[in-house]
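Survey of secondary and tertiary structure
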Amino acid sequence: MSGTLAVAEEPASLEHLRGGTVVVKYGGSAMNDDGLGRAFAEDVVALHRAGLRPVVVHGGGPQIGAQLGRLGLEARFLQGLRVTTPETMDVVRMVLAGKVQRELVGLLNQHGPYAVGLSGEDAHTLTAVKRYAEVGGERVDIGLVGEVTRVNVAVLELLLDHGHIPVVSSIGRGEDGQVYNVNADTAAGAVAAALGARMLVVLTDVPGLCRDWPRGGEVLERVRAAELERLLPGLTGGMGPKMEACLRAVRGGVAAVRVLDGRSPHALLAGVAETNGPTPGTTVLPDPPE
Ligand SMILES: Nc1ncnc2c1ncn2[C@@H]1O[C@H](COP(=O)(O)OP(=O)(O)O)[C@@H](O)[C@H]1O
Ligand SMILES: CC(=O)N[C@@H](CCC(=O)OP(=O)(O)O)C(=O)O
C-alpha cells in the first residue's frame, strides 16, 4: 500500500474542520471490496493527519447475512432492522466485533498506530434499551434490537486526545448487561450527537437519498431537518433507520450530515473536503434559526 496519502493533495480544503470531530459511518454494503477498504482507510488517516478528529462507527449487515447463511440461520428484517434472536446476536457480535472491526483496524493501522477497536459494550461505549418495530400502529417485538440511550463520550475523547482513531462496532449494552444489536446508522448518529461532531458522514451503496425510490434515481442534494422529518414515514428498507439517524444527528447539534456513495473510491475525502464543485450525495442540514 502506498504511504503517500491524499491528504497531501487536499490540505487547504480541510482547514475549516481542523480540530473538529467527524464521525464516519462505514456500511457493510460499501465495504465488500478490498480496494474500497484500503481507500477508505487512507481517507480516514488523511483526515486524522489534517488535524481532524475522525471516529469510525461501522456496520456489516451483508457480512452478518453471509455468516448466518453459512450456519443455515434465517435473516429477516422489519423496517430495516434485523430480527435478532439470541442465536443471531451471537453471530452479529462475532462478525462485527470479531471480523469486520478487526479488518478495519488492520487497514487503518497499516499507516501507523492509530486505530483502537471498541465494541459498543467496551467501557459502556454504547448503552442501549430494547427497541421495537411499529407496524400499523402496533408495537412488534423484533428481539434483541437496541436503541442507544447513552454514549460514553469520555472514553472516545480520551482516545482522540491521545491521537487515536476509535473504531466502534454497533453493539450496545443494556443497563441489565444484556447485549443488543444496534443498527450501525443509529449508533453513528448517536455517537455524532453525543460528541458534538462537526460532521457525520454516512457511506452507503447508493448515490444518496433518492427521490421517488425505487422508480426515480434523482438524488436530493440538500435537505433540511423539517423536510426530512416529513419524508421519513415514506422511506423503506435500510434508508428508514439511516435517515432517522441523520435527522437525530442534526437535531442533536451536528452541523451537517453527508450521505455519500461509498462504492466510489475516496468518496469520504471528496465529501468532507470543501471544494468548489458541487458536494456529492445528500447533505442534511439543521433547520435555519427562527
Ligand atoms: N429513497 C431511497 N434512496 C436510496 N436508497 C434507498 C431509498 N429507499 C431505500 N433504499 C435502499 O436503502 C439501501 C441502503 O441502506 P442499507 O442497505 O441499510 O445500507 P448500508 O449497508 O450502507 O447501511 C440502498 O441500497 C437502497 O436499496
Ligand atoms: C438492528 C440491525 O439491523 N442491526 C444491523 C447491524 C449492522 C448494520 O447496521 O450494518 P450495515 O450498516 O452494514 O447495514 C444488522 O444486524 O445488520
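It should be noted that the structure appears before, not after, this text.
Reading guide: rules and limits
Residues numbered from 1 in each chain as written. Chains lettered and ligands numbered in written order. Predicted model: local features only at pLDDT ≥ 70, side-chain atom pairs only at ≥ 80, totals over all residues. Heavy atoms only, no water. Pairing = 2+ DSSP bridges. Helix = DSSP H or I, 4+ residues; strand = E, 2+ residues; numbered from the N terminus. Axes fitted to C-alpha atoms, helices over the stretch in contact; angles between N-to-C directions. Contact = heavy atoms within 4.5 Å. Disulfide = S-S within 2.5 Å. Buried < 20%, exposed > 50% of the residue type's maximum accessible area, 1.4 Å probe, protein only. Arc of directions from axis to C-beta.

To continue, consider the sheet that holds strand β10 (residues 165-169). If you walk across this open sheet you meet the eight strands as β5-β10-β2-β1-β13-β15-β16-β14, and the pairing is mixed. Strands at the two margins of the open sheet, each flanked by one partner only, are β5 (115-119) and β14 (222-224). Taking the axes of each pair of neighbouring strands and ignoring which way they run, one obtains an average angle of 20° across the sheet. Strand direction decides the pairing type here: strand β1 (residues 21-26) and strand β2 (residues 53-58), joined by six bridges, are parallel. Residue valine 22 lies in a different strand from β2, and its bridge partner there is proline 54. Here helix α7 (residues 239-251) sits on the sheet in contact with β1, β13 (199-204), β15 (256-261) and β16 (282-285), set at roughly 155° to β15.

Okay, the state of the cysteines next. Under the criterion given, the structure shown has zero disulfides. Here cysteine 210 stays unpaired: no disulfide links it, and the sulfur of cysteine 246, its closest cysteine neighbor, is 14 Å away. Residue cysteine 210 is classed as buried on the basis of its relative accessible area, which comes to 9%.

This paragraph deals with helix α2 (residues 61-70). A turn of α-helix holds 3.6 residues, and therefore any two residues three or four places apart point the same way. Residues of α2 that are buried: Gln63, Ile64, Gln67 and Leu68. When α2 is viewed along its axis, its buried side chains cluster within an angular range of 140° and face the same direction. Within two residues after α2, glycine 72 carries a phi angle of roughly 70°, on the positive side.

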